[in-house]
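The primary structure of each chain is shown beneath.
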Amino acid sequence: MTIPELTDVHAAWLPPEAFRAIGSRRTLVQADGPLAETVRAEVERARARYGGAAEGPYDLVLSLNAAEGADGYAIARRDGVTTVTGGDPAGLLYGFFHVVRLGEAAFGPDREPEHHRPAMRRRMLDHWDNIDVHPVMGQVERGYAGGSIFWSDGALRPDLTRVRAYGRLLAASGVNAVAINNVNVHATEARLLTDRLGEVAAIAAELRPYGIRVHLSVNFASPIALGGLPTADPLDEGVRAWWARTTEQVYAAIPDFGGYVVKADSEGQPGPFAYGRTHADGANMLAEALAPFGGVVHWRAFVYNHRQDWRDRSTDRARAAYDHFAPLDGRFAGNAILQVKHGPMDFQTREPVSPVILEMQGTRLAVELQVTQEYTGQQRHVCYLAPMWSEILAFENVAETGDLVAVSNVGDDRYWTGHPLAQANLYAFGRLAWDPGLDPAAVLDEWIDLTFAWPGESLRRTLHAMMDGSWRTYERYTAPLGVGFMVRPGHHYGPDVDGYEYTPWGTYHFADRDGVGVDRTRATGTGFTGQYPQPWSDIYESLERCPDELLLFFHHVPYGHVLHSGSTVIQHIYDTHFAGAEEAAEIRLHWEKLADTDAVDPDLYARVKERLDEQVRCAEEWRDQINAYFFRKSGVPDARGRHIS
Ligand code: GCU
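Residues numbered from 1 in each chain as written. Predicted model: local features only at pLDDT ≥ 70, side-chain atom pairs only at ≥ 80, totals over all residues.

Regarding the environment of Ile75
Logical step 1: Relative to the assigned elements, Ile75 resides in strand β3 (residues 73-78).
Logical step 2: Sequence-wise, Ile75 and Trp243 are 168 residues apart; in three dimensions their C-alpha atoms are separated by 44 Å.
Logical step 3: Apart from residues lying up to four places away in sequence, Ile75 is in contact with Val84, Gly95, His98, Pro113 and Glu114. (Helix = DSSP H or I, 4+ residues; strand = E, 2+ residues; numbered from the N terminus. Contact = placed C-beta atoms within 7 Å.)

Laid out in structure tokens, this is it:
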């Protein structure tokens, strides 16, 4: 077992110093098997660096006790000895990283046993990586951190050290599954299922020592494209036999393979509709092929009409997932997991929780988040997303779904995520998937401490001040009150209020001279509010009860409508946009105070500074476009007399 040594890339949240507390002490690992070997190797590496001893009397003892449950562990301190008891070898690994997170504090005064178990059984990252460089989307679709860590020049990277290092980072945050390729499965990538399966096996071998199982996105039409069959009809015997055979070969190569991810009948991807079959038919066919091996299929619910006529006011994209899937509740196989984006639209800065998650109680569900910042500043803006995820996870039954998935934000960039501070989103995703009840501000401090090896108060305070409120800042200077989009079509960066207004994508705001917002009520609108159970169905329907931050998602209102905050909609738009751009400038000021100090490495300083300059510029552009647009539409001047072009 080799611990990846990454001298030429930033080590993210596991710099060598993070292991000083363990490495300088006497540690015993009392367990066997591959994951215990990983822990042993980690301990030995730390010891070699910091001079601890392998003989007793021990400061730290790691052992197993099945009572702690799968992935679980207990940590305690008594009579000068810290003990970690894993429920299984994976629990031992997570317990070990808990000690790393605590640092010196793990060896402080006695403490009663704390028991930790993950809330989510599967904590999964989806890569939207391609093997080839796609002419429009690049190598990593919606990737803002360079090329893929798995493939370069059309082939598996010869050196996968970085993949091992990635697995290590993920294990330290609690992630235990990775889907390695884009959900839009193009011709080359489709072959990962068959003649390029060796590449999947090689990646799995790098991630396995850190307890991470590999999943694969597959193309629904594979029986035609790869198997030479005339059809991909899920009820066709030949098609079923092909999937069964193919899946058997996958498990022969990768015995702990996790399963398939499928985007079907969505944005041009093939699916069961072509054969007059349902999504349950499609998902269950793959579930049947995977079942003998304990695998699962993640079947995505992101199905909507992307060729809508914008003149047709009755079609509502927000309704689509529920309309397609709710009638199928109870008809999915036990190992078919419906993977639902957290909101009904598409990873906007603010959306209500998807009603599919609330209503489909007879189906295994996975909630999908987006760590990659497609609509939240593309890793050029500081936007710490954990506060948003935490709100989503606290809503009704969301945290009980058992499976949390997110689109990864890493690439072959030196800092993994382009914007070094975007690493915090990757870390926080794993931590919240483990325990959705964690305070996002505390997770942020945890990330700061682990990444900068317990820096002084001043650096911690600076980073905290820059990041903790950054999602709300981003919300303030972009699309107002939950209406969403208003981004430049295609790449989705920067403001373009009407960019999507007269397009087939179903993402409209309906601003005119009198008002703005989408009427999704039952009374006069698209009826989307009726997809929610009570009380939400009535809360969202009611103009009085609908939360301000979602007002324009559910209602079309006049500019003079008064919010709960006491402000009119138009004045709220002006105020938040002036404030948001100012806050972006303040974030940069915090960072600039670190210039000419030795608080952070000069390259890191420069990288963040360059991104902050762009954030400030872009926030001003958002402010000016949104304010000018609504001033020109409404003719209502700013009550505070500020200049609007
Ligand atoms: C968004 C994104 C696409 C992606 C899609 C999906 O629409 O822009 O690039 O393919 O989501 O989640 O499938």
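Description of the sheet that holds strand β4 (residues 81-86)
Logical step 1: With mixed pairing, five strands are arranged side by side in an open sheet as β1-β2-β4-β3-β5. One side of each edge strand has no neighbouring strand; the edge strands of this open sheet are β1 (27-30) and β5 (111-116). Sheet twist, expressed as the average angle between the axes of neighbouring strands with direction ignored, equals 10 degrees.
Logical step 2: Two strands pair when backbone bridges link them, and β3 and β4 are joined in this way by six bridges, in the antiparallel orientation. In the sheet register, Arg78 faces β4, and the bridge partner there is Val81. (Pairing = 2+ DSSP bridges. Axes fitted to C-alpha atoms, helices over the stretch in contact; angles between N-to-C directions.)

Observations concerning the sheet that holds strand β6 (residues 122-126)
What links the strands of a sheet is backbone hydrogen bonding, and the strands pair in either a parallel or an antiparallel sense.
Logical step 1: Spatially, the eight strands close up into a barrel ordered β6-β11-β12-β13-β14-β15-β16-β17, and their pairing is parallel. Strand-to-strand twist of the sheet, defined as the mean angle between neighbouring strand axes without regard to direction, takes the value 25 degrees.
Logical step 2: With four bridges connecting them, strand β16 (residues 364-370) and strand β17 (residues 403-407) associate as parallel partners. Looking across to β17, one finds that Gln370 is bridged to Val407.
Logical step 3: Its contacts with the sheet place helix α6 (residues 197-207) against β11 (177-179) and β12 (213-217), and it is angled at close to 150 degrees to β12.
Logical step 4: Contacts between helix α9 (residues 279-290) and the sheet are confined to β13 (259-262), β14 (296-300) and β15 (336-341), with β14 contributing the most and set at about 160 degrees to the helix.

Overview of the packing of helix α12 (residues 386-393) against helix α14 (residues 440-451)
Logical step 1: For the pair α12 and α14, interaxial distance at closest approach is 9 Å and the crossing angle is 140 degrees. The orientation of α12 with respect to α14, classified from their angle, is oblique. Judged by the sense of rotation from one axis to the other, the crossing of α12 with α14 is right-handed. Counting all contacts with α12, which are made through Ala386, Pro387 and Ser390, the residues of α14 involved are Pro440, Val443 and Leu444.
Logical step 2: Among the residues making up the contact of α12 with α14, the classes are represented as five nonpolar, one polar and no charged. (Parallel < 35°, antiparallel > 145°, perpendicular 65-115°, else oblique. Left-handed = near helix turned anticlockwise from the far one by under 90°. Nonpolar A, V, L, I, M, F, W, Y, C, P; charged D, E, K, R; others polar.)

Topic: the confidence of the model for the protein chain
Fine structural detail should not be taken from predicted coordinates in areas where pLDDT scores are low.
Logical step 1: When pLDDT is averaged along the protein chain, the result is 97, and 99% of the positions lie at 70 or above.
Logical step 2: Taken element by element, the protein chain is modelled with least confidence in β5, mean pLDDT 95, and with most confidence in β11, mean pLDDT 99.
Logical step 3: For this predicted complex, the interface confidence comes out at an ipTM of 0.97, alongside a pTM of 0.98. (pLDDT = per-residue confidence, 0-100.)

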